[in-house]
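Listed here are the chains, written in short residue letters.
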Amino acid sequence: MLKKIALALIALITLLLLFALTRPDSFSVERRLHMQAPPEKVFALVSDFHHWPAWSPWEKLDPSMTRPHSGAASGVGAVYAWKGNDDVGAGRMEITAAQVPGQVDIKLDFLRPFESSNTTRFTLTPKDGGTEFVWTMQGPMPYISKLMSVFVSMDKMIGPDFEAGLKNLKAAAEKPG
């Protein structure tokens, strides 16, 4: 009887591991929000890492997180690194493209808790007297990520953070002044 249970368990684990192989090789998470602020104002908040504490959903997770900035002050070549507790891990972002006021591309490297390299794009489009803001992150899905995605999608893991960040960004961008 124990042998049959063990064989059934091994078969289930094998099927799970094989099913993970069928998962996509990449992921994409996207959220959008309209804000009553001009694209130029919103662009300034996302193309300068010094402004991120006002809206980033991850900034308040670790008050003692280190945040060295290097490279350009803003725009292409600006670099923001972070190192913090288990909630924020460690990583580095670099702005690789910035087209005023419509788009910002960021190379995003996570170092801890898991190593990965992704790209983030902010797209800003004038609409209805304000800005339609789209936040997209894309990256590869190595096998371990495929296995995790059997239980929880990247969209469900990251999407709520994007939504919180967009809400914060909207508040910062719509603030008078």
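What counts as what
- Residues numbered from 1 in each chain as written.
- Predicted model: local features only at pLDDT ≥ 70, side-chain atom pairs only at ≥ 80, totals over all residues.
- Heavy atoms only, no water.
- Pairing = 2+ DSSP bridges.
- Helix = DSSP H or I, 4+ residues; strand = E, 2+ residues; numbered from the N terminus.
- Axes fitted to C-alpha atoms, helices over the stretch in contact; angles between N-to-C directions.
- Salt bridge = Lys/Arg side-chain N within 4 Å of Asp/Glu carboxyl O.
- Buried < 20%, exposed > 50% of the residue type's maximum accessible area, 1.4 Å probe, protein only.
- Contact = heavy atoms within 4.5 Å.
- Polar contact = N/O pair within 3.5 Å; in protein donor to acceptor, adjacent residues only side chain to side chain.
- Phe/Tyr/Trp six-rings, centres within 6.5 Å; stacked < 30°, edge-to-face > 60°.

Enquirer: Help me understand the sheet that holds strand β6 (residues 116-127) in this model?
Expert: By definition, the strands of a sheet pair up through backbone hydrogen bonds, in either a parallel or an antiparallel sense. The antiparallel open sheet is built from seven strands, whose spatial order is β1-β7-β6-β5-β4-β3-β2. Each edge of the open sheet is held by one strand with a lone partner, namely β1 (26-35) and β2 (69-71). Adjacent strand axes in the sheet meet at a mean angle of 20° when their direction is disregarded. Judged from the three bridges that link them, β2 and strand β3 (residues 78-83) form a sheet pairing that is antiparallel.

Enquirer: Explain the pattern of salt bridges to me, please; I cannot follow it from the model alone.
Expert: Side-chain pairs of opposite charge can arise whenever the charged atoms involved come near each other. This model, assessed by the stated rule, comprises 11 salt bridges. Notably, a salt bridge pairs Glu132 with Arg32, separated by 3.7 Å at the nearest N-O pair. Here Arg32 lies in strand β1 and Glu132 lies in strand β7 (residues 130-140), a separation of 100 residues in the sequence. For Glu132, a relative accessible area of 12% puts it in the buried group. Note that Arg67 is salt-bridged to Glu59, the shortest N-O span being 2.5 Å.

Enquirer: Just checking my understanding: could you explain the environment of Trp58 for this structure?
Expert: Tracing the backbone through its elements, the reader meets Trp58 in the loop between α2 (39-46) and β2. It is 8.6 Å that separates the C-alpha atoms of Trp58 and Asp87, two residues lying 29 residues apart in sequence. Sequence-distant contacts of Trp58, defined by excluding residues within four places in its chain, comprise Met65, Val88, Trp135, Asp161 and Phe162. At a separation of 3.2 Å, a polar atom in the side chain of Trp58 contacts the side chain of Asp161.

Enquirer: Looking at this structure, how should I read the packing of aromatic side chains?
Expert: By convention here, two paired aromatic rings are described through the distance between centres and the angle between planes. By the definition in use, this model includes 12 aromatic pairs. Summarising the aromatic geometry, the rings of Trp82 and Phe110 are spaced 6.0 Å apart at their centres and angled 80° between planes, so their arrangement reads as edge-to-face. Of the two residues, Trp82 sits in strand β3 while Phe110 sits in strand β5 (residues 103-112), which places them 28 residues apart along the sequence. Note on Phe110: relative accessible area 25%, which makes it partly exposed. One aromatic cluster is present, formed by Phe49, Trp52, Trp55, Trp58, Tyr80, Trp82, Phe110, Phe122, Phe133, Trp135 and Phe162 through successive ring pairs.

Enquirer: For this particular structure, what's the right way to read the pairing of β7?
Expert: Note on strand geometry: in a regular strand, side chains alternate between the two faces of the sheet. Extensive coverage of β7 is indicated by the burial of nine of its 11 residues. As paired strands, β1 and β7 are joined by 10 bridges and run antiparallel to one another. For Ser28, the partnering residue across the bridge sits in β7 and is Gln138. Here nine bridges tie β6 to β7, and the two strands are oriented antiparallel to one another. Opposite Leu124, over in β7, you have Phe133 as the bridge partner. Between β6 and β7, which pair antiparallel one after the other, the connecting turn spans two residues, and Asp128 there sits at a positive phi close to 50°.

Enquirer: How do you make sense of unusual backbone geometry when you look at a structure like this?
Expert: Most peptide bonds adopt trans geometry, and most residues besides glycine take a negative phi value. At the junction of Val100 and Pro101, the peptide bond is cis and its omega measures out at -15° in the coordinates. Examined against the element boundaries, Pro101 turns out to sit in the loop between β4 (90-99) and β5. In this chain, Arg112 is followed by Pro113 through a cis amide linkage whose omega measures 10°. Its place among the elements puts Pro113 in the loop between β5 and β6. A positive phi angle is found at Asp128, which is not glycine, with a value near 50°. The residue Asp128 is located in the loop between β6 and β7 in this model. We classify Asp128 as exposed; its relative accessible area is 61%.

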